[in-house]
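Residue-level structural notes
These are the residues of each chain, in order.
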Amino acid sequence: EPAPSARLKPTNEGVQRERTKATRSSQAGAGFSAARAALKQYDLALNMARQIASNVDPSFREIQDTSADLAFNKATLLYQENRLDDAVATCNQALADFGEKPADPANPMHPVRQARLAGIAGDVFRIRGEYSQAEASYARAEQAWRTALARMAGRAGFQNEFFLFLYDHVAQLCIRREDTSG
């Protein structure tokens, strides 16, 4: 029997279908098998998305958005499953993918996605005690948040998410480092 990726034609609809399956699997239960099933679906969807992205016009940015959302969901699940190396690798790959294709300057969600991915990587480094790497990831996330907020002034939900990033993540790094400079 052919591998699932060989049976599925890589289309954006296929990626969305696999993303939906992954989301349902991850929400089905907190058990190991549900997480494993969700990760398998995320991998399948991300592979399809990357295959599509490598064969389409760079101006087709919808696949970049989808890939970043998939990577964020996968990294979050890996983080929750305490698979920290895999979570960082997923974030770094997604952030590298962002760097390969130009982001749409009119789309404020591009920097939001970058901020979320860099934030997860920073959390992993903070937990491990790798403070300089955490600081670098958080700085990248903060810059992305500031870019996003400049593009969409007045969006309270995103302003709140940025505040929570600073409060829940950056402040925790300062506490761990015993840095009182603010």
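For clarity, every value in this text was computed on a predicted model and none was experimentally measured. (Residues numbered from 1 in each chain as written. Predicted model: local features only at pLDDT ≥ 70, side-chain atom pairs only at ≥ 80, totals over all residues. Heavy atoms only, no water.)

**Details of the overall build of the protein**
In plain terms, the rule: Runs of H or I in DSSP of at least four residues are treated as helices and runs of E of at least two as strands, each being numbered from the N terminus. Each residue is placed in one exposure class: buried if its accessible area under a 1.4 Å probe, protein chains only, is under 20% of its type's maximum, exposed if it is over 50%, and partly exposed if it falls in between. Accessible surface area values rest on a Shrake-Rupley calculation with a 1.4 Å probe, where residue burial reflects the displayed protein chains alone.
When helices and strands are tallied, the protein shows 8 helices and 0 strands. Going residue by residue from the N terminus, the α and β elements of the protein occur as α-α-α-α-α-α-α-α. The buried share of the protein, taken over its 182 residues, is 40%. Entry remark: accessible area of the protein is about 9,800 Å², with carbon and sulfur atoms responsible for 49%.

**Some points on the nonpolar core**
Soluble globular proteins tend to pack their nonpolar side chains together in the buried interior. Formally: Nonpolar core, defined: a set of buried Ala, Val, Leu, Ile, Met, Phe, Trp, Tyr and Cys residues in which side-chain atoms within 4.5 Å join the residues together. Every residue pair with non-hydrogen atoms within 4.5 Å of one another is taken to be in contact.
Counting residues in hydrophobic clusters, the biggest one holds 39 residues, and the most contacted among them are L77, C91, V112, L117, W145, F158 and F165. Among the elements of the structure, α3 (32–54), α4 (62–80), α5 (84–100), α6 (109–128), α7 (131–151) and α8 (156–177) are those that each provide at least two residues to this core. With 8 residues, α6 is the single largest residue contributor to this core. Once residues within four sequence positions are removed from consideration, C91 is found in contact with A75, L117, I120 and A121.

**Section: unusual backbone geometry**
Unusually for a residue other than glycine, N82 sits at a positive phi of about 65°. Within the secondary structure, N82 sits in the loop between α4 and α5. Among the residues examined, N82 registers a relative accessible area of 59% and is labelled exposed.

**Examining the confidence of the model for the protein**
Rules: For every residue, the predictor assigns a confidence score, pLDDT, that lies between 0 and 100.
Looking at the protein as a whole, its pLDDT mean stands at 79, while 74% of the residues score no less than 70. Note on residues 1–10: pLDDT under 50 across the span, and 11 contacts to partners over four residues away in sequence or across chains.

**Quick word on the environment of E142**
Of note, E142 is situated in helix α7. Excluding anything up to four places from it in sequence, E142 contacts F162, F165 and L166.

**Overview of a nonpolar patch on the surface**
Put simply, the rule reads: Patch construction takes residues with relative accessible area above 30% that form no salt bridge. Like charges are linked within 9 Å, and nonpolar side chains (Val, Leu, Ile, Met, Phe, Trp, Tyr) are linked within 5 Å. A side-chain nitrogen of Lys or Arg and a carboxyl oxygen of Asp or Glu constitute a salt bridge if their distance falls within 4 Å.
Residues F163, L164 and Y167 make up a contiguous nonpolar surface patch of roughly 320 Å² in combined accessible area. By the secondary structure assignment, Y167 is in helix α8. Under the relative-accessibility criterion, Y167 is labelled exposed at 52%.

**Observations concerning the packing of aromatic side chains**
Note the threshold: Pairing of aromatic rings covers Phe, Tyr and Trp, the last through its six-membered ring, and needs centres within 6.5 Å; plane angles under 30 degrees mean stacked, over 60 mean edge-to-face, and all others mean tilted.
Evaluation of the coordinates by the stated rule reveals 3 aromatic pairs. Ring centres of Y138 and F165 lie 5.6 Å apart, and the angle between their planes is 80°; on these two criteria the pair is classed as edge-to-face. Residue Y138 is found in helix α7, and its partner F165 is found in helix α8; the two are separated by 27 residues along the sequence. With respect to burial, Y138 and F165 carry one shared label: buried. Taken together, a centroid distance of 5.8 Å and an interplanar angle of 20° make the contact between F163 and Y167 stacked. With F163 and Y167 both in helix α8, this residue pair falls 4 residues apart, about one helical turn.

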